Amino acid sequence: MAVAETQLYAKVSNKHRSKSTSVLLESLLAKGFPAHIAQKALAATGQKTIEDAAKWLHSHCNDPSLDDPIPQEYALYLCPTGHLHNHLQEFWKESKRQCGKNRAHEIFPHITLCDFFTCEDQKVELLYDTLKRVGNSFSQCFPPAISLSLHSSTSYLGFFVGDSHANILKEFALAFSSEASALADCHVKPCQKQLHLTLAHKFYPHHQKTLEQLAKCINPGETCQWVAALYSRDMRFVHYQTLRVLFQYKPQNIDELMINAGDFIYVDPTQQSDVSEGWVIGTSHRTGCRGFLPENYTERANESDTWVKHREYVFATASGVLTQTGSEPNVKLNGEVHNPSMSRSVTNVLSLQNATLRRGVLVMRHGERVDQVFGKSWLQQCLTADGKYYRADLNFPSTLPKRKDSMKQFEYDPPISCCGIFQSRLIGEALLDQEVTVSYVYSSPALRCIQTAQHVLQGLKLDQKVKIRVEPGLFEWTKWEASKVIPNFMTVTELAEASYKIDTNYRGNFPLSSLVPSESYEEFVSRSSAVIKQIITACPSKGKGVILIVGHGSSLASFTRPLIGLPTRDSSDFAQVVRKIPSLGMCFCEELKEENKWQMVNPPVKTLTHGANAAFNWRNGIVED
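Residues numbered from 1 in each chain as written. Predicted model: local features only at pLDDT ≥ 70, side-chain atom pairs only at ≥ 80, totals over all residues. Heavy atoms only, no water.

Moving on, we get to the overall build of the protein chain. Looking only at helices and strands, the protein chain has 16 helices and 19 strands in total. Relative to its 625 residues, the protein chain shows a buried fraction of 51%. When contacts within the protein chain are restricted to residue pairs at least 6 apart in sequence, those whose partners lie at least 24 apart make up 77%. Per element, the accessible surface of the protein chain, about 29,800 Å² overall, is 52% carbon and sulfur. (Helix = DSSP H or I, 4+ residues; strand = E, 2+ residues; numbered from the N terminus. Buried < 20%, exposed > 50% of the residue type's maximum accessible area, 1.4 Å probe, protein only. Contact = heavy atoms within 4.5 Å. Areas by Shrake-Rupley, 256 points an atom, 1.4 Å probe, with all protein chains shown as cover.)

All right, on to the packing of helix H11 (residues 418-433) against helix H12 (residues 447-460) then. Relative to each other, H11 and H12 sit at 40°, their axes nearing to 7 Å. Accordingly, the angle class assigned to the pair H11 and H12 is oblique. Taken as a pair, H11 and H12 cross one another with a handedness that is right-handed. Listed contacts from H12 to Ile 421, Ser 424, Arg 425, Gly 428, Glu 429, Leu 431 and Leu 432 of H11 are Thr 452, His 455, Val 456, Gln 458, Gly 459 and Leu 460. Class assignment for the residues of the contact of H11 with H12 results in five nonpolar, six polar and two charged. (Axes fitted to C-alpha atoms, helices over the stretch in contact; angles between N-to-C directions. Parallel < 35°, antiparallel > 145°, perpendicular 65-115°, else oblique. Left-handed = near helix turned anticlockwise from the far one by under 90°. Nonpolar A, V, L, I, M, F, W, Y, C, P; charged D, E, K, R; others polar.)

Within the structure shown, the criterion is met by 30 aromatic pairs. Between Phe 108 and Trp 307 the ring centres are 6.0 Å apart and the planes differ by 85°, which places this aromatic pair in the edge-to-face class. Taken together, the positions of Phe 108 in the loop between helix H5 (82-99) and strand E2 (111-119) and Trp 307 in the loop between strand E11 (298-300) and strand E12 (308-314) put the pair 199 residues apart, joining distant regions of the chain. The pair Phe 108 / Trp 307 is uniform in exposure class, with both members buried. Measuring from centroid to centroid gives 6.2 Å for Tyr 156 and Phe 160, while their planes differ by 40°, and the two rings are tilted. Overall, Phe 160 belongs to the partly exposed group, its relative accessible area being 24%. Grouping aromatic residues by their ring pairs yields a cluster made of Tyr 77, Phe 108, Phe 116, Tyr 231 and Trp 307. One Lys or Arg, Arg 233, reaches over the ring of Phe 116 and ends 3.6 Å from the middle of that ring. Over the aromatic face of Tyr 128 sits the side chain of Arg 311, whose NZ or CZ is 4.1 Å from the ring centroid. (Phe/Tyr/Trp six-rings, centres within 6.5 Å; stacked < 30°, edge-to-face > 60°. Lys NZ or Arg CZ within 6 Å of the ring centre and 35° of its normal.)

Moving on to the pattern of salt bridges. Per the stated rule, a full pass over the model turns up 21 salt bridges. The salt bridge involving Glu 73 is made with Arg 233; its shortest N-O contact spans 2.9 Å. Within this pair, whereas Glu 73 is found in strand E1 (residues 72-80), its partner Arg 233 is found in strand E6 (residues 226-234), the two being separated by 160 residues in sequence. Salt-bridge contacts for Arg 359 lead to Glu 591; the nearest nitrogen and oxygen are separated by 3.1 Å. Taken as a pair, Arg 359 in strand E14 (residues 357-365) and Glu 591 in strand E18 (residues 586-592) lie far apart in primary sequence, 232 residues in all. Of the two residues examined, Arg 359 and Glu 591, each falls in the buried class. (Salt bridge = Lys/Arg side-chain N within 4 Å of Asp/Glu carboxyl O.)

Glancing now at H5. The end-to-end C-alpha distance of H5 is 26 Å, a good match for the 26 Å that 18 residues give at a rise of 1.5 Å each. Residues of H5 that are buried include every one of Leu 84, Asn 86, His 87, Leu 88, Gln 89, Glu 90, Phe 91, Trp 92, Glu 94, Ser 95, Gln 98 and Cys 99, and no others. Count one or two residues on from H5 and you reach Gly 100, which has phi positive near 80°. (Expected span 1.5 Å × (residues − 1).)

Let's shift gears to the pairing of E1. The buried fraction of E1 is high, at nine of nine residues. Side chains of E1 alternate between two faces, with Gln 72, Tyr 74, Leu 76, Leu 78 and Pro 80 and Glu 73, Ala 75, Tyr 77 and Cys 79 buried alike. Pairing of E1 with E2 involves six bridges; the strand directions are antiparallel. By the bridge assignment, Tyr 74 is partnered in E2 with Phe 117. (Pairing = 2+ DSSP bridges.)

Even without being glycine, Asp 185 reaches a positive phi, approximately 55°. Relative to the assigned elements, Asp 185 resides in the loop between helix H7 (163-184) and strand E5 (196-201).

Along the polypeptide, Leu 29 turns up in helix H2 (residues 19-30). Remark: the alpha-carbon pair of Leu 29 and Gln 39, spanning ten residues in sequence, is separated by 9.6 Å.

Counting residues in hydrophobic clusters, the biggest one holds 52 residues, and the most contacted among them are Leu 78, Phe 91, Leu 127, Phe 172, Phe 176, Leu 199 and Trp 226. In this structure, Tyr 389, Ala 446, Ile 468 and Met 586 belong to the second largest nonpolar core, which totals 44 residues. (Core = buried A, V, L, I, M, F, W, Y, C linked by side-chain atoms within 4.5 Å.)

In spatial order, the strands read E10-E9-E8-E7-E11; together these five strands make up an open sheet with antiparallel pairing. Sheet topology places strand E10 (290-294) and E11 at the edges, where each strand pairs with a single neighbour. The average undirected angle you get between the axes of adjacent strands in this sheet is 45°. Two elements, strand E8 (residues 264-267) and strand E9 (residues 279-284), share three bridges in a ladder whose sense is antiparallel. From the neighbouring strand, Ile 265 faces E9, where its bridge partner is Ser 284.

Taken together, the side chains of Phe 616, Trp 618 and Ile 622 present a nonpolar region at the surface, about 410 Å² in accessible area. Structurally, Trp 618 can be placed in the segment after strand E19 (597-601). (Patch = residues over 30% accessible without salt bridge, like charges linked within 9 Å, V, L, I, M, F, W, Y side chains within 5 Å.)

A separate point is the side chain of Ser 555. When you line up the elements, Ser 555 lands in helix H15 (residues 555-563). Residue classification places Ser 555 among the buried residues on the basis of a relative accessible area of 1%. A distance of 2.7 Å separates the side chain of Ser 555 from the backbone nitrogen of His 552, its partner in a polar contact. Beyond its immediate chain neighbours, meaning those up to four positions away, Ser 555 contacts Val 363, Leu 474 and Thr 560. (Polar contact = N/O pair within 3.5 Å; in protein donor to acceptor, adjacent residues only side chain to side chain.)

Our next topic: the packing of helix H6 (residues 124-138) against H7. Where H6 contacts H7, the two axes come as close as 9 Å, and the packing angle between them is 145°. Seen from above, H6 lies across H7 with right-handed handedness. Contacts between H6 and H7 involve Leu 126, Leu 127, Thr 130, Leu 131, Arg 133, Val 134, Gly 135 and Phe 138 on the former and, on the latter, Ile 168, Glu 171, Phe 172, Ala 175, Phe 176, Glu 179, Ala 180, Leu 183 and Ala 184.

What follows covers the confidence of the model for the protein chain. In low-pLDDT regions, the fine details of the predicted coordinates are not to be read closely. Looking at the protein chain as a whole, its pLDDT mean stands at 86, while 88% of the residues score no less than 70. Across residues 1-19, where pLDDT falls below 50, the model places 23 contacts with residues more than four positions away in sequence or in other chains. A low-confidence stretch, residues 318-357 stays under pLDDT 50, and its non-local contacts, those more than four residues away or across chains, total 82 contacts. (pLDDT = per-residue confidence, 0-100.)

Right, here's the structure in full:
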């Protein structure tokens, strides 16, 4: 280690160190770890136990950034506990279920006292001492109950702290920042703006009323003990997305990442454009290693899920109990807490809203297509010398429907695989289990979409009751067609003769002849907006039936956004979103009675996740070396 670096880390011996932290550091040094790496491990784990730090060091043994002198970022938050915290968590859960995720869901309920600042690893313990001393000095004047008033706008919903109490909190934050800046030689900036506890942020304007109704179920005067907590995060990944791993994956290639269920992965959205479909490249929070991983093995996590809680100071409640906590284990930051009284209030709101629901529109992508599995030359693998189709793999369909033109047209209008059939029926069965009533079915003219619609109806046990309306206007953005021409789709007559339950009396809003090869993004958006409006108009608004639309990955955004009144995405952003939509991915919109609008809510069924299954040759490795 360089002389300058040795001198820098030698400062850990200054007189302000706590005994417990010194013991942790000395234990790691005794094991042979360099001082700077030992300090890094302690800072990354909240300086809790030697076991936590040693485990971190073992996991990060191959971390290429292990020697980099990059400090953590720290923030001081005031967090509620007790009944108020439970009600806030219930709001978090219910607002996400009804209105989808917004920025507030990324972090647990809190009031920001000092926003994120950096502190060198060897000086972090000085922050702990500062928090304890400043907490002690404010313990007698800290308000037993903080005044909170609800404030709402088109993009923000939350509680504002009353002026008199806000002044005390600001003085506390200023005292902490001044002492921490002086002792730990870091720049800590106290919050001087309106202090607030955010409930929802950057949500869609049409969700404002729903969120307000849910927020009014929260009593801000509920019993609460406030905790000043010091958290840290890895400053390198502040603007990244955080994914949670659902299933273990063992690398098949040297550039792939080993992941375990429960791991967190940092993903930079700007670096995914050249990554193969279905994969992402990211950095493991657990190991610090970087590599490729299958995207469908993960789900979106919250930003704060990877934060570390270092120390907290618990202020007295009205009863006058005062507690300071030192080393505490990490807590689940976004745990779901059930509260009966809050649930009853939320149920009342739900009952009110359910009474106003009319129709639903379920837009889904088609099932797995054969060329997605076997490549563009899939048909060549399935043709005999005399041009007859045979099943070269069990995932190929057992037969292909008869069509009058050349069988070669299936290359441009491929069917779904056997797994795609299974996927579609499984979704239909799940919709049946949830008692979803499908009244109308519309499909893109692409064979893969019609087959998906057919098998979803079979799963719903509606294939003899509801017929498929083939709508050419539902076809995907023609610019993405590899052949640069509109495929020769099977005719309605051919589809009906092949036993597909087609509504032969339906006349599409957009005839096939109106589809333009390589259309512009503006033309595609205009077509999509027009066709969804015409479908809605054509389906009677009486009753509460669901309109099922089976289309493409592009359909989920292009049909639902105009329906709920959202502006068009930029074409590059649109392409990034579509790339991540899996087979049978779906969006669900519900109509609100008397308000003359639609809102997007959670689909009525769960997502469908599965892994890849590569081709297997029994000779390789079994018989032959």
